Amino acid sequence: MIFSHAIARRPEKNMAAGITTSTLGIPDYKKALDQFDAYVKALSDCGVSVTVLDPLRGYPDAHFVEDAAVVTPDIAVITNPGAASRKGEVPSIAAALQSFRETVWIQPPGTIDGGDVLMVGRHFFIGLSDRTNEKGARQLGDAVAGFGYTWTPVPVAAGLHFKSSVNAVGNDTLLVTRPFADHPALAGFHRIVISPPEEYAGNTLLVNGRLIMPAGFPGTRQKLQALDKPILELDVSEFRKMDGGLTCLSLRF
Ligand code: CIR
């Protein structure tokens, strides 16, 4: 799928107040801004026109825009994020998407984080996690089924979101962490399995034929080279400290 647009949001000063399970320390704001700018430039270099939203005051996780919507070629599904502190991020993302797509909204008690949703061709994998429940998954599944997509729910046993562990890297191939190596829900796809010490590299992004991966995972880089696509490494250390990564910093469509 070719992406022409993306939406991203500049982090706000108190990003360290966001939710995290990481023990990597407190993010350095200045460094995070530099990493964010490099990320936006990388998307632009892939031919994507990036809309950069202003920081959203009072929402220290709001730059992880991917969680607030699921954008398909047909509609934008505005989520009801699973974390109470993130629900207020949604209206500004809906407003930003309005000129691109018709929007439909996930209704409580259904919850969804976009980080749990992976679209591969005409199929959606929807992770069931601490953030995404069955009611939310069904609402999203029904919404996209109306446009001819299929979907399967997949329990997320480890990591924050489904896309912390599984991502599409082209050529009918998924990049997966070890727990998903033989997962029956993913049958039908080739799989590149990441070694446990490099698990974070599972959050690799395919944009218009190029792979953008987090810096510092040489074993995974070597495995990805088999796909014969250009690979770009980006340092996202400050976002990793807040349990975030490459996919969650933008909505691409
Ligand atoms: C959170 O816990 O919600 C944020 N600190 C991180 C969200 C990362 N989002 C993503 O991977 N899609």
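Computed from a predicted model, the values in this text were never measured in an experiment.

Calculation criteria
Residues numbered from 1 in each chain as written. Predicted model: local features only at pLDDT ≥ 70, side-chain atom pairs only at ≥ 80, totals over all residues. Heavy atoms only, no water. Helix = DSSP H or I, 4+ residues; strand = E, 2+ residues; numbered from the N terminus. Rg over C-alpha atoms; globule rule 2.2 N^0.38 Å. Buried < 20%, exposed > 50% of the residue type's maximum accessible area, 1.4 Å probe, protein only. Lys, Arg positive; Asp, Glu negative; His and termini not counted. Charge placed at Lys NZ, Arg CZ, Asp CG, Glu CD. Pairing = 2+ DSSP bridges. Axes fitted to C-alpha atoms, helices over the stretch in contact; angles between N-to-C directions. Contact = heavy atoms within 4.5 Å. Core = buried A, V, L, I, M, F, W, Y, C linked by side-chain atoms within 4.5 Å. Expected span 1.5 Å × (residues − 1). Arc of directions from axis to C-beta. Polar contact = N/O pair within 3.5 Å; in protein donor to acceptor, adjacent residues only side chain to side chain.

## Looking at the overall build of the chain
- Scanning the chain from terminus to terminus reveals five helices and 15 strands.
- In summary, the chain has a C-alpha radius of gyration of 17 Å against a globular reference of 18 Å for 253 residues, a match within 12%.
- Expressed as lengths along the three principal axes of its C-alpha atoms, the size of the chain is roughly 45 × 40 × 35 Å.
- For the chain, buried positions account for 53% of its 253 residues.
- On the chain, the mean spot of the 24 positive side-chain charges and the mean spot of the 26 negative ones are 1 Å from each other.

## Quick word on the sheet that holds strand β5 (residues 102-105)
- Strands sit in the order β3-β4-β5 across an open sheet of three strands; the sheet is mixed. Single-partner strands in this sheet number two, and they are β3 (69-71) and β5. Between one strand axis and the next, the sheet turns by 20° as a mean value, whatever way the strands run.
- Here helix α3 (residues 134-145) sits on the sheet and contacts β3, β4 (75-78) and β5; the angle it forms with β4, its principal contact strand, is near 170°.

## Side note on the nonpolar core
- In terms of nonpolar packing, the biggest core is built from 36 residues, with Leu43, Val207, Ile212, Leu224 and Phe239 touching the most fellow members.
- Where this core is concerned, the elements lending two or more residues are β1 (5-9), α1 (29-45), β12 (205-207), β13 (210-214) and β14 (231-234).
- Here this core gets six residues from one element, more than from any other, and that element is α1.
- Residues contacting Phe239, with those up to four places away along its chain left out, are Pro11, Met15, Ala32, Gln35, Phe36, His63, Phe64, Gly244 and Leu249.

## What to know about the sheet that holds strand β10 (residues 173-176)
- The strand order β9-β10-β11 describes an open sheet built from three strands, whose pairing is mixed. The strands lining the two open edges of the sheet, one partner per strand, are β9 (166-168) and β11 (190-193). On average, each strand axis in the sheet is inclined to that of its neighbour by 25°, with strand direction left out of account.
- Alignment of β10 against β11, held across four bridges, turns out to be parallel. Bridging across to β11, Leu175 finds its partner in Ile192.

## Some details on unusual backbone geometry
- Here the bond from Pro108 into Pro109 is cis, since omega is 10°, no more than 30 degrees from zero.
- Non-glycine residue Asp228 carries a positive phi angle of around 60°.
- Within the element layout of this structure, Asp228 appears in the loop between α4 (218-224) and β14.
- Note on Asp228: relative accessible area 73%, which makes it exposed.

## Comments concerning the side chain of Thr111
- By the secondary structure assignment, Thr111 is in the loop between β5 and β6 (117-120).
- Excluding its chain neighbours within four sequence positions, the residues that come into contact with Thr111 are Asn80, Pro81, Gly82, Lys87, Ile106, Arg131, Thr132, Asn133, Gly136 and Ala137.

## Focus: α3
- For α3, which comprises twelve residues, the first-to-last C-alpha distance of 16 Å matches the rise-based estimate of 16 Å (1.5 Å per residue) to within 8%.
- Turning to α3, its buried residues are Gly136, Ala137, Leu140, Gly141 and Val144. The arc that holds the buried residues of α3, viewed along the axis, is 130°, so those residues lie on one side. The outward face of α3, more than 90 degrees from its buried face, is lined by the exposed residues Glu134, Lys135 and Arg138.
- Of the surrounding secondary structure, the elements contacted by the buried residues of α3 are β3, β4, β6, β7 (123-128) and β8 (150-155).
- Where α3 begins, one side-chain oxygen reaches toward the backbone nitrogen of Lys135, 3.3 Å away; that side chain belongs to Asn133.

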